[in-house]
Amino acid sequence: MSTPKPSRRRARLRLRSPFGITLAFTACSTLWILLSGTVVNALFDDPDTIYYVELLKGFAYTAVVAALLYVLLRSWQGLLHHAIAVAEHNEARLERVLLGSNDGWWDWDIGTDTIYYSPRWWSMLGYQPNELPADSRLWLRMVPPGEVHEVEAAMSKLLSGDAKSGRLEVRMRHKDGHYVPVITRFRIQRDAGGKPTCVSGTNTDMTDFNAAQRRLHQAAAVFETTREGILVTDAQARIIMVNQGFSAATGYSEAELLGRTPAVLSSGKHDPAFFQAMWEALATDGYWRGEVCNRNKSGEMHSDFLSISAVRDDKGKVINYVGVYADVSQIRESERKLDFLAHHDPLTGLPNRLMLTTELDHATKAARRQHSSFALLLLDLDRFKDVNDSYGHAAGDELLVQVASCLRQRLRDADIVARLGGDEFVVLLENITHDEDGGRVADEIAEWLSQGWTLSNGAEVRIGVSIGISVFPAHGKDSNELIQHADAAMYLAKQQGSGCYRYFSQRLTHDARHRLELEARLHQAVQRNQLRAFYQPQIDIASGRLIGAEALVRWFDPERGLIAPQRFIPVAESSGLINQIGKWILWQSCMQGKRWIEAGFPPIIVAVNVSPASS
Ligand SMILES: Nc1nc2c(ncn2[C@@H]2O[C@H](COP(=O)(O)OP(=O)(O)OP(=O)(O)O)[C@@H](O)[C@H]2O)c(=O)[nH]1
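The residue numbers shown here count from 1 along each chain, following its written sequence. In keeping with the model being predicted, local features are shown solely for residues with a pLDDT of at least 70 and side-chain atom pairs are shown and tallied solely at 80 or more, while totals for entire chains, interfaces and linings include all residues. For side-chain calculations, the full set of non-hydrogen atoms in the structure is used, while hydrogens and water are omitted.

## Description of the overall build of the chain
Filter applied, for reference: Only DSSP runs of H or I with at least four residues qualify as helices, and only runs of E with at least two residues qualify as strands; both kinds are numbered from the N terminus onward. Here, two residues are considered to be in contact whenever any of their heavy atoms come within 4.5 Å of each other. In short, Shrake-Rupley with a 1.4 Å probe defines the accessible areas, and a residue's cover is counted only from the protein chains shown.
Summing up its helical and strand segments, the chain has 19 helices and 21 strands in all. Excluding contacts between residues fewer than 6 apart, the proportion of contacts in the chain whose partners are at least 24 apart in sequence is 53%. Element-wise, carbon and sulfur atoms account for 58% of the exposed surface of the chain, whose accessible area totals about 36,600 Å².

What follows is the structure, given as structure tokens:
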């Protein structure tokens, strides 16, 4: 839009001031009248001629004056139009500026005590222009009575000359009754003599600004006071801000973190694929949530639930990332404790029935895979009720704890000991090689538990134990069946009297007893030297010459006579006695070979069979 150039025009206007033009015109006209008349009289004598010349001179003068008047009026008219255009242009520009600022404005003429309020001034308060009488007191009627004195004080400061301008934050009543927060800025104008002529100003509606401020304050308060750690980075993931919660949780001050990336917290627990998935989610969804393991300044690890959001500008470009860290270490610790409580007996700390079932399920699957077997021993203490009845429930508890720790200490680490409740315990023996292994451990347990137990009250108590045994896969295909059958076997054992065990099947009970009895007798046989070595000669058929001998071990039992190796060697192998027997036969064979040489026989090779089970 082209704008007129007012300064040059104004200069030309000054040169052609009305007084100057009038003076010049009067002087020229007077000179013309005086000089032209004299010239005409000097040139012409004839009165008629003089008359016509004078007439002609009058017309000429009128034509020149008319031409001058025309030029002058055209010039003034152009200037006037130009001045109006400039004024309109300036007014329109001022209006646009005020509209753009969305401010209302007012103008108080002090002399006439009239005030002009702009349309926006009215609409800010919900009114149509001039809907109310627009006098200078309207302002004061709109302000809450308690704030009127502030407006009056500001005006009297202006009028008295103490201030040229001012700024006030007031509330003004809206048409619907609520108050609009307003900032008004104003300035006083004075004439050349210093007399106040008008006060003009603008009103800015602060509703949105105040709400935004409030939200900012609230956000700042949340940012600073929240216990969760908050971290803000730029688009390149460089830290630009952290809150106190973050510093408290990580041990890093904000100054130590500025400009660094969150990798400073890396624990090394997550692989690159983890972070790649995180960045991909941020790029596609704009957020990522998950649990991360971080390392704080002192090197301590902690689990955080991290929620990251990408902040985008109006064009959708990422400008910040905001991460909120909630320390879940305590939650994880509580979960761990809850999990422990859910799966363990609170009195003894042993696994409970629930965990036993899980372990049994694992054992069943593993045994199926490996074609192996395992034994489940269900223990029920004998005469435990007497302890409760005689010494109280607390003493009974103490005894249960002692029994549990005895079992835990004496059994192998791989064996699982659980408490089913009351005075019932379960022992799970995995990977047994012979069915009777369960019976052997049951015998040991019966012996351990038959000891005297000293309670903290000084009392010494004696209990026993009855044990039911079920073996996988012979006695059940799943945990339920195995427990049920071990329980049934335990009742049978209980009926037999204290300190007994029973397998679920009669045959297994019998076989186990028999093998264990044989094992006990074999022990005695080794100690009492009841084993015998026999030598089977090896003859070269072509020459008929003795070339060697094979050593054979035999067991000579005083009651049952000679027992064949196929009966006792498997028992020796499963009980570990095979090592002793192996050493014994080697020693015997060497001694015998020496004796033969000393007796004058030629040296021969003596073969000794070594069991693959010996170590
Ligand atoms: N102290 C204590 N006693 C318990 C607990 N749970 C169960 N009992 C008691 O343990 C006893 C178990 O009963 P029984 O197994 O019949 O007692 P018992 O004297 O061993 O009897 P038999 O098994 O037939 O030899 C009951 O008196 C229960 O009240 C416990 O957590 N603590």
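## Topic: the side chain of D380
We apply this condition: Within 3.5 Å is the distance limit for a polar contact, defined as a pair of N or O atoms, with the added protein rule that one can donate a hydrogen and the other accept it, and that residues adjacent in sequence qualify only through two side-chain atoms.
With respect to the helices and strands, D380 occurs in strand β11 (residues 373-382). A distance of 2.6 Å separates polar atoms of two side chains, one belonging to D380 and the other to K494. In this view, D380 contacts D423, E424, G464, V465, S466, M490 and K494; residues no more than four positions away in its chain are not counted.

## A closer look at the pattern of salt bridges
This is how it is decided: The working definition used for a salt bridge is a side-chain nitrogen of Lys or Arg within 4 Å of a carboxyl oxygen of Asp or Glu.
Applying the stated criterion to the full structure yields 22 salt bridges. Notably, a salt bridge pairs R167 with E169, separated by 3.4 Å at the nearest N-O pair. Each member of the salt-bridge network shares a partner with another, and the members are E291, R332 and E335.

## As for a nonpolar patch on the surface
Our working definition: A patch consists of residues exposed above 30% relative accessible area that lack any salt bridge, with like charges linked at up to 9 Å and nonpolar side chains (Val, Leu, Ile, Met, Phe, Trp, Tyr) linked at up to 5 Å.
Taken together, the side chains of Y51, Y52, L55 and F59 define a hydrophobic patch exposed on the protein surface, amounting to about 480 Å² of accessible area. Mapped onto the elements, Y52 comes out in helix α3 (residues 47-101).

## Looking at the site of the ligand
Note the following rule: When at least one non-hydrogen atom of a residue lies within 4 Å of a molecule or strand, that residue is treated as near it.
Neighbouring the ligand are 15 residues; D380, K385, D397, D423 and K494 lie closest to it. H393 places a main-chain nitrogen or oxygen 3.0 Å from a nitrogen atom of the ligand. Between a nitrogen atom of the ligand and a side-chain N or O atom of D397, the distance comes to 2.6 Å. Starting from 650 Å² of accessible surface for the ligand in isolation, the protein chains cover 64%. For the shell around the ligand, the secondary-structure elements that each account for two or more residues are β11, α13 (384-391) and α14 (393-410).

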